[in-house]
Amino acid sequence: MAHNREDEKKYSNNSSLMGWIVRLILFAVVLGVTSFFTPGFSINGMWSFLLASLIITGLDYLVESFMGVDASPLGKGIKGFVIAAVIIYLTQFFVPHMSVSILGALLAALVIGIIDAVFPGRVM
């Protein structure tokens, strides 16, 4: 019986890691769509998209764990929207080939929120 629990733990850890990787890649695609449609928000290069999605996902995780606030644009109303915009704006300082204006960060949070609402599952 204990052997089965260990196997279940291994399987759940692998699936959560795989889920995180899929979420990271999906968010990189969402950033690409967002940078295409949003004025004041641009990212150039595949590695910049992946690095930006990694940093945004990490900052999102930190905000959720330390502040207890869902940082998704539609997570907690205006508070989640503003936190998502701040995370997007701060990410530009860590990612080469990424530039975001304040208005661009607000619009990007709106676009990401819309994409997050349309597609099943949580992107940010």
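Here the residue numbering is sequential within each chain, running from 1 through the sequence in written order. In view of the model being predicted, local features appear only for residues whose pLDDT reaches at least 70, and side-chain atom pairs are presented and counted only at 80 or more, with totals across whole chains, interfaces and linings using the full set of residues. The side-chain figures draw on all heavy atoms in the structure; neither hydrogens nor water molecules are used.

1. Structural notes on the overall build of the chain
So, step 1. The helix and strand labels rest on DSSP assignments: H or I over at least four residues marks a helix, E over at least two residues marks a strand, and numbering proceeds from the N terminus. Per the secondary structure count, the chain includes 4 helices and 2 strands.
So, step 2. Counting from the amino terminus, helix and strand elements in the chain follow one another as α-β-α-α-β-α.
So, step 3. Relative to its full complement of 124 residues, the chain shows a buried share of 37%.
So, step 4. For this analysis, residues touch if any pair of their heavy atoms sits within 4.5 Å. Taking as baseline every contact in the chain between residues at least 6 positions apart, the subset at least 24 positions apart corresponds to 62%.
So, step 5. Only the protein chains shown count as cover for residues, and all accessible areas are computed by the Shrake-Rupley method using a 1.4 Å probe. If you sum the accessible surface of the chain, you get close to 7,600 Å²; carbon and sulfur atoms cover 72% of it. The classification of residues rests on relative accessible area computed with a 1.4 Å probe and restricted to protein chains. Under 20% of the type maximum is buried, over 50% is exposed, and intermediate values are partly exposed.

2. Considering the environment of Phe 27
So, step 1. Take Phe 27: it is sitting in helix 1 (residues 2-37).
So, step 2. We classify Phe 27 as buried; its relative accessible area is 1%.
So, step 3. Separated by 27 residues in sequence, Phe 27 and Leu 54 have C-alpha atoms that sit 8.7 Å apart.

3. Concerning the nonpolar core
So, step 1. Counting residues in hydrophobic clusters, the biggest one holds 26 residues, and the most contacted among them are Leu 31, Phe 41, Ile 43, Ile 88 and Met 98.
So, step 2. Elements with a minimum of two residues in this core: helix 1, strand 1 (41-43), helix 2 (46-67), helix 3 (78-91), strand 2 (98-100) and helix 4 (102-118). Residue types Ala, Val, Leu, Ile, Met, Phe, Trp, Tyr and Cys, when buried and joined through side-chain atoms within 4.5 Å, form a set referred to as a nonpolar core.

4. Considerations on the environment of Ile 87
So, step 1. Residue position: Ile 87 is located in helix 3.
So, step 2. A relative accessible area of 5% means that Ile 87 is categorised as buried.
So, step 3. Between the C-alpha atom of Ile 87 and that of Ala 105, which follows or precedes it by 18 residues, the distance is 8.5 Å.

5. Overview of the packing of helix 3 against helix 4
So, step 1. Inter-axis angles, ranging from 0 to 180 degrees, are taken between N-to-C directions of lines fitted to C-alpha atoms, where helices are fitted over the stretch in contact. One can describe the packing of helix 3 onto helix 4 by two numbers: an axis separation of 8 Å at closest approach and a directional angle of 120 degrees. In terms of axis orientation, helix 3 runs oblique to helix 4. The two elements helix 3 and helix 4 meet at a crossing, and its hand is right-handed. Counted together, Phe 81, Ala 84, Ala 85, Ile 88 and Tyr 89 of helix 3 and Ile 102, Ala 105, Leu 106, Ala 108, Ala 109, Leu 110 and Ile 112 of helix 4 form the full contact between these two elements.
So, step 2. In this classification, Asp, Glu, Lys and Arg are treated as charged, Ala, Val, Leu, Ile, Met, Phe, Trp, Tyr, Cys and Pro as nonpolar, and every other residue, Gly included, as polar. Here the contact of helix 3 with helix 4 is composed, by residue class, of 12 nonpolar, no polar and no charged. Any angle from 65 to 115 degrees is called roughly perpendicular, while one under 35 is roughly parallel, one over 145 is roughly antiparallel, and all others are oblique. Handedness of a crossing is defined here by the sense of rotation of the near helix relative to the far one, left-handed for an anticlockwise turn of less than a right angle and right-handed for a clockwise turn.

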